[in-house]
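Reading the structure
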Amino acid sequence: MRRSINDSSLIAYTSPKSPISEVYRLLRTKIHFSLKDQESKAIVVTSSQSGEGKTTTISNLAITYAQEGKKVILIDADLRKPSLHRVFSMPNHQGLSTLLTGLTNMQDTIQETTISHLSLLTSGPIPSNPSDLIDSSVMKELLKDLKEQYDVILIDTPSVLAVTDSVIVSALCDGVIMVVASGKVKKDHLKKAKEQLDHVNAQMLGVVLNKEAR
(Lines give C-alpha, C1' and ligand atoms only; values in the text may rest on other atoms or scores of the structure.)
Protein backbone atom coordinates (compact mmCIF):
# COMPACT_ATOMS: atom_id res chain seq x y z
CA MET A 1 0.00 0.00 0.00
CA ARG A 2 1.31 3.44 -0.93
CA ARG A 3 1.61 5.89 1.95
CA SER A 4 1.85 9.66 1.88
CA ILE A 5 5.26 11.24 2.37
CA ASN A 6 5.48 14.02 4.91
CA ASP A 7 9.22 14.30 5.52
CA SER A 8 10.37 17.89 4.95
CA SER A 9 13.90 16.68 4.13
CA LEU A 10 12.65 15.35 0.77
CA ILE A 11 12.90 18.73 -0.89
CA ALA A 12 13.29 17.25 -4.37
CA TYR A 13 9.73 15.96 -3.90
CA THR A 14 8.12 18.75 -1.89
CA SER A 15 9.80 21.63 -3.73
CA PRO A 16 11.18 20.33 -7.06
CA LYS A 17 11.79 23.82 -8.47
CA SER A 18 13.91 25.00 -5.54
CA PRO A 19 17.66 25.76 -5.91
CA ILE A 20 18.49 22.85 -3.59
CA SER A 21 16.53 20.44 -5.79
CA GLU A 22 18.52 21.72 -8.74
CA VAL A 23 21.73 20.83 -6.90
CA TYR A 24 20.51 17.24 -6.49
CA ARG A 25 19.75 17.12 -10.21
CA LEU A 26 23.26 18.39 -10.90
CA LEU A 27 24.62 15.56 -8.74
CA ARG A 28 22.55 13.10 -10.77
CA THR A 29 24.01 14.49 -13.99
CA LYS A 30 27.58 14.23 -12.72
CA ILE A 31 27.03 10.61 -11.73
CA HIS A 32 25.55 9.91 -15.15
CA PHE A 33 28.66 11.14 -16.94
CA SER A 34 30.91 9.24 -14.52
CA LEU A 35 29.10 5.95 -15.26
CA LYS A 36 27.69 6.70 -18.71
CA ASP A 37 28.80 3.40 -20.24
CA GLN A 38 26.82 1.32 -17.77
CA GLU A 39 23.15 0.58 -18.40
CA SER A 40 22.32 -0.23 -14.78
CA LYS A 41 24.10 1.48 -11.93
CA ALA A 42 24.51 0.40 -8.31
CA ILE A 43 25.72 3.32 -6.20
CA VAL A 44 26.55 3.53 -2.51
CA VAL A 45 26.09 6.79 -0.62
CA THR A 46 27.98 6.87 2.66
CA SER A 47 29.95 9.12 4.99
CA SER A 48 32.97 8.87 7.26
CA GLN A 49 30.83 9.21 10.39
CA SER A 50 27.18 9.53 11.35
CA GLY A 51 25.18 12.74 11.16
CA GLU A 52 26.62 14.08 7.91
CA GLY A 53 23.41 13.92 5.88
CA LYS A 54 23.93 10.83 3.73
CA THR A 55 20.35 9.58 4.14
CA THR A 56 18.89 12.94 3.12
CA THR A 57 21.27 13.08 0.17
CA ILE A 58 20.52 9.60 -1.13
CA SER A 59 16.76 10.03 -0.67
CA ASN A 60 16.66 13.22 -2.73
CA LEU A 61 19.03 11.77 -5.31
CA ALA A 62 16.71 8.78 -5.71
CA ILE A 63 13.76 11.12 -6.22
CA THR A 64 15.55 13.07 -8.96
CA TYR A 65 16.35 9.86 -10.81
CA ALA A 66 12.71 8.77 -10.55
CA GLN A 67 11.53 12.18 -11.78
CA GLU A 68 13.72 11.61 -14.84
CA GLY A 69 11.74 8.46 -15.57
CA LYS A 70 14.39 5.99 -14.44
CA LYS A 71 13.26 2.86 -12.64
CA VAL A 72 14.88 3.29 -9.24
CA ILE A 73 15.22 1.18 -6.11
CA LEU A 74 16.47 2.70 -2.88
CA ILE A 75 17.93 0.20 -0.40
CA ASP A 76 18.48 0.71 3.31
CA ALA A 77 21.59 -1.40 3.96
CA ASP A 78 22.10 0.13 7.39
CA LEU A 79 21.05 -2.94 9.33
CA ARG A 80 22.05 -1.33 12.64
CA LYS A 81 20.35 2.08 12.66
CA PRO A 82 17.96 2.12 9.70
CA SER A 83 16.05 5.27 8.83
CA LEU A 84 14.69 5.17 5.27
CA HIS A 85 11.41 3.57 6.34
CA ARG A 86 10.75 6.61 8.55
CA VAL A 87 11.76 9.08 5.84
CA PHE A 88 9.28 7.53 3.39
CA SER A 89 6.64 6.61 6.01
CA MET A 90 6.80 2.91 5.14
CA PRO A 91 6.49 -0.21 7.33
CA ASN A 92 9.67 -2.05 8.23
CA HIS A 93 8.55 -5.41 9.58
CA GLN A 94 10.31 -7.02 6.61
CA GLY A 95 13.07 -5.82 4.33
CA LEU A 96 16.68 -6.47 3.40
CA SER A 97 17.39 -8.55 6.51
CA THR A 98 14.45 -10.90 5.94
CA LEU A 99 15.29 -11.12 2.24
CA LEU A 100 18.92 -12.08 2.91
CA THR A 101 17.89 -14.71 5.45
CA GLY A 102 15.32 -16.25 3.13
CA LEU A 103 12.29 -15.35 5.25
CA THR A 104 10.73 -13.31 2.45
CA ASN A 105 11.08 -13.08 -1.31
CA MET A 106 11.86 -10.06 -3.44
CA GLN A 107 8.35 -9.58 -4.78
CA ASP A 108 6.80 -9.43 -1.32
CA THR A 109 9.56 -7.34 0.26
CA ILE A 110 10.14 -4.44 -2.11
CA GLN A 111 7.64 -1.61 -1.57
CA GLU A 112 6.37 1.03 -3.97
CA THR A 113 6.55 4.62 -2.75
CA THR A 114 4.07 7.35 -3.67
CA ILE A 115 6.68 8.67 -6.10
CA SER A 116 6.37 7.19 -9.58
CA HIS A 117 9.26 4.89 -10.59
CA LEU A 118 10.71 4.80 -7.06
CA SER A 119 10.72 1.57 -5.06
CA LEU A 120 12.06 1.06 -1.55
CA LEU A 121 13.72 -1.92 0.11
CA THR A 122 13.76 -1.09 3.80
CA SER A 123 16.23 -2.63 6.22
CA GLY A 124 13.81 -5.02 7.88
CA PRO A 125 14.24 -6.07 11.53
CA ILE A 126 17.73 -5.48 12.93
CA PRO A 127 19.61 -8.81 12.75
CA SER A 128 22.26 -10.13 15.14
CA ASN A 129 24.83 -10.48 12.34
CA PRO A 130 24.59 -7.47 9.98
CA SER A 131 28.09 -7.76 8.51
CA ASP A 132 27.68 -11.47 7.78
CA LEU A 133 24.43 -10.85 5.92
CA ILE A 134 25.92 -8.02 3.89
CA ASP A 135 29.05 -10.04 3.10
CA SER A 136 27.19 -13.03 1.70
CA SER A 137 26.64 -14.69 -1.64
CA VAL A 138 22.92 -13.95 -1.24
CA MET A 139 23.66 -10.20 -1.19
CA LYS A 140 25.74 -10.51 -4.34
CA GLU A 141 22.97 -12.43 -6.10
CA LEU A 142 20.40 -9.89 -4.93
CA LEU A 143 22.31 -7.00 -6.47
CA LYS A 144 22.75 -8.99 -9.67
CA ASP A 145 19.00 -9.66 -9.87
CA LEU A 146 18.12 -6.03 -9.09
CA LYS A 147 20.38 -4.80 -11.89
CA GLU A 148 18.24 -6.73 -14.32
CA GLN A 149 15.08 -5.03 -13.06
CA TYR A 150 16.11 -1.44 -12.24
CA ASP A 151 17.97 1.33 -14.02
CA VAL A 152 19.43 2.73 -10.80
CA ILE A 153 20.15 1.06 -7.46
CA LEU A 154 20.96 3.45 -4.62
CA ILE A 155 22.22 1.98 -1.34
CA ASP A 156 22.29 3.78 1.99
CA THR A 157 24.93 2.29 4.31
CA PRO A 158 26.33 2.94 7.79
CA SER A 159 29.23 5.36 8.03
CA VAL A 160 32.57 3.93 6.91
CA LEU A 161 34.46 4.38 10.17
CA ALA A 162 31.67 2.93 12.33
CA VAL A 163 31.48 -0.60 10.90
CA THR A 164 32.72 -2.58 7.90
CA ASP A 165 29.31 -2.90 6.23
CA SER A 166 29.64 0.09 3.91
CA VAL A 167 33.08 -1.02 2.73
CA ILE A 168 31.74 -4.49 1.94
CA VAL A 169 28.82 -3.10 -0.06
CA SER A 170 31.04 -0.60 -1.86
CA ALA A 171 33.15 -3.45 -3.24
CA LEU A 172 30.02 -4.91 -4.85
CA CYS A 173 28.82 -1.69 -6.48
CA ASP A 174 29.74 0.54 -9.41
CA GLY A 175 30.53 3.67 -7.47
CA VAL A 176 30.59 5.45 -4.13
CA ILE A 177 29.49 8.96 -3.16
CA MET A 178 30.93 10.28 0.10
CA VAL A 179 28.85 12.86 1.96
CA VAL A 180 30.97 15.21 4.05
CA ALA A 181 29.56 17.64 6.60
CA SER A 182 31.30 20.98 6.25
CA GLY A 183 33.09 22.08 9.39
CA LYS A 184 32.36 18.84 11.20
CA VAL A 185 34.64 16.13 9.82
CA LYS A 186 38.32 16.02 10.61
CA LYS A 187 40.64 15.57 7.65
CA ASP A 188 42.30 12.49 9.11
CA HIS A 189 38.90 10.81 9.56
CA LEU A 190 38.00 11.52 5.96
CA LYS A 191 41.39 10.28 4.81
CA LYS A 192 41.00 7.07 6.82
CA ALA A 193 37.55 6.45 5.34
CA LYS A 194 38.91 6.96 1.82
CA GLU A 195 41.76 4.53 2.54
CA GLN A 196 39.31 1.85 3.64
CA LEU A 197 37.32 2.24 0.44
CA ASP A 198 40.49 2.21 -1.65
CA HIS A 199 41.52 -1.03 0.05
CA VAL A 200 38.59 -2.86 -1.60
CA ASN A 201 39.07 -0.99 -4.91
CA ALA A 202 35.78 0.89 -4.54
CA GLN A 203 35.25 3.43 -7.31
CA MET A 204 34.96 6.84 -5.68
CA LEU A 205 32.70 8.98 -7.85
CA GLY A 206 32.99 12.11 -5.77
CA VAL A 207 32.25 13.99 -2.58
CA VAL A 208 29.13 15.92 -1.61
CA LEU A 209 29.94 18.82 0.70
CA ASN A 210 26.91 19.08 2.91
CA LYS A 211 25.63 21.54 5.52
CA GLU A 212 26.92 25.00 6.32
CA ALA A 213 30.13 25.51 8.20
CA ARG A 214 29.60 26.93 11.65
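Preceding this section is the structure that the text describes.
To start, this report covers the structure provided alongside it. Since the model is a prediction, treat every value here as computed from it, not as a measurement.

1. Some words on the sheet that holds strand 6 (residues 175-181)
Taken in spatial order, the seven strands line up as 3-4-2-5-1-6-7 in an open sheet, and their pairing is mixed. With one partner strand each, in any of the chains shown, strand 3 (111-112) and strand 7 (204-210) form the two edges of the open sheet. Here five bridges tie strand 1 (residues 41-47) to strand 6, and the two strands are oriented parallel to one another. Counterpart to Ile43 in the pairing with strand 6 is Gly175. Contacting strand 1, strand 2 (72-76), strand 4 (118-121) and strand 5 (152-156), helix 8 (residues 137-149) runs over the sheet at an angle of about 140° to strand 5. Of the strands in this sheet, strand 6 and strand 7 are in contact with helix 10 (residues 187-199), which crosses strand 6 at around 170°.

2. Quick notes on the packing of helix 2 (residues 19-34) against helix 3 (residues 54-67)
Here helix 2 crosses helix 3 at 75°, and the two axes come no closer than 9 Å. Judged on the interaxial angle alone, helix 3 and helix 2 are roughly perpendicular. Listed contacts from helix 3 to Tyr24, Arg25, Leu27, Arg28, Ile31 and His32 of helix 2 are Thr56, Thr57, Asn60, Leu61, Thr64 and Tyr65. Within the contact of helix 2 with helix 3, the residues separate by chemical class into five nonpolar, five polar and two charged.

3. Examining the packing of aromatic side chains
All chains considered together, the criterion is met by zero aromatic pairs. Here the basic side chain of Lys71 rests over the ring of Tyr150, its NZ or CZ set 5.0 Å away from the ring centre.

4. So, the pairing of strand 7
Pairing of strand 6 with strand 7, which is carried by six bridges, proceeds in the parallel orientation. When the bridges of strand 7 are listed, Val179 appears paired with Val208. In the classification by handedness, the crossover that spans strand 6, the intervening helix 10 and the parallel strand 7 is right-handed.

5. Some points on the pattern of salt bridges
Two side chains carrying opposite charge are able to pair once their charged atoms lie near each other. The final tally for this structure, using the stated rule, is six salt bridges. Notably, a salt bridge pairs Arg28 with Glu68, separated by 4.0 Å at the nearest N-O pair. Separated by 40 residues along the polypeptide, Arg28 in helix 2 and Glu68 in the loop between helix 3 and strand 2 bring together distant segments of the chain. Look at Arg28 and you get buried, because its relative accessible area is 13%. Using a relative accessible area of 44% as the deciding quantity, one classes Glu68 as partly exposed.

6. Some thoughts on unusual backbone geometry
The backbone phi angle of His117 is positive, close to 75°, even though this residue is not glycine. Despite not being glycine, Asn201 shows a phi value in the positive range, around 60°. Within the secondary structure layout, Asn201 lies in the loop between helix 10 and strand 7.

7. Section: helix 3
Taking 1.5 Å per residue as the helical rise, helix 3 with its 14 residues ought to reach 20 Å, and the 20 Å between its terminal C-alpha atoms agrees with that figure. Within helix 3, 12 of the 14 residues are buried, which leaves the element mostly enclosed by the surrounding structure. Among the residues making up helix 3, those that are buried are Lys54, Thr55, Thr57, Ile58, Ser59, Asn60, Leu61, Ala62, Ile63, Thr64, Tyr65 and Ala66. In the stretch just after helix 3, Gly69 is the one whose phi turns positive, near 95°.

Conventions we followed
Position numbers for residues count from 1 along each chain, tracking the sequence in the order it is written. Under the rules for a predicted model, residues below a pLDDT of 70 receive no local features and side-chain atom pairs below 80 are neither given nor counted, while totals for whole chains, interfaces and linings still include all residues. Excluded from the side-chain calculations are hydrogens and water; all other atoms, namely the structure's heavy atoms, are used. In this description, strands pair whenever DSSP reports at least two bridges between them. Under the DSSP-based scheme used, a helix requires at least four consecutive residues in state H or I and a strand at least two consecutive residues in state E, with every element numbered from the N terminus. Note on contacts: a residue pair is in contact if any heavy atoms of the two residues lie within 4.5 Å. Axis definition: a line fitted to C-alpha atoms, over the contacting stretch in the case of helices. Angles run 0 to 180 degrees between N-to-C directions. Note that the term roughly parallel is reserved for angles under 35 degrees, roughly antiparallel for angles over 145, roughly perpendicular for angles of 65 to 115, and oblique for everything else. By the convention adopted, Pro, Cys, Tyr, Trp, Phe, Met, Ile, Leu, Val and Ala count as nonpolar, Lys, Arg, Asp and Glu as charged, and the other residues, Gly among them, as polar. The aromatic pairing rule takes the rings of Phe, Tyr and Trp, using the six-membered ring of Trp, and pairs them if the centres are within 6.5 Å, calling planes under 30 degrees apart stacked, those over 60 edge-to-face and the rest tilted. Two conditions define a charge located above a ring, namely a distance within 6 Å from the ring centre to NZ of Lys or CZ of Arg, and an angle within 35 degrees of the ring normal. Look down the strands so they point away from you; if the path from the first strand over the helix to the second goes clockwise, the crossover is right-handed. Take a side-chain nitrogen of Lys or Arg and a carboxyl oxygen of Asp or Glu: if they are within 4 Å of each other, that pair is a salt bridge. Partly exposed residues are those whose accessible area sits between 20% and 50% of the maximum for their type, while under 20% is buried and over 50% is exposed, using a 1.4 Å probe and protein chains only. A helix is expected to reach a length of 1.5 Å times the quantity of its residues less one.

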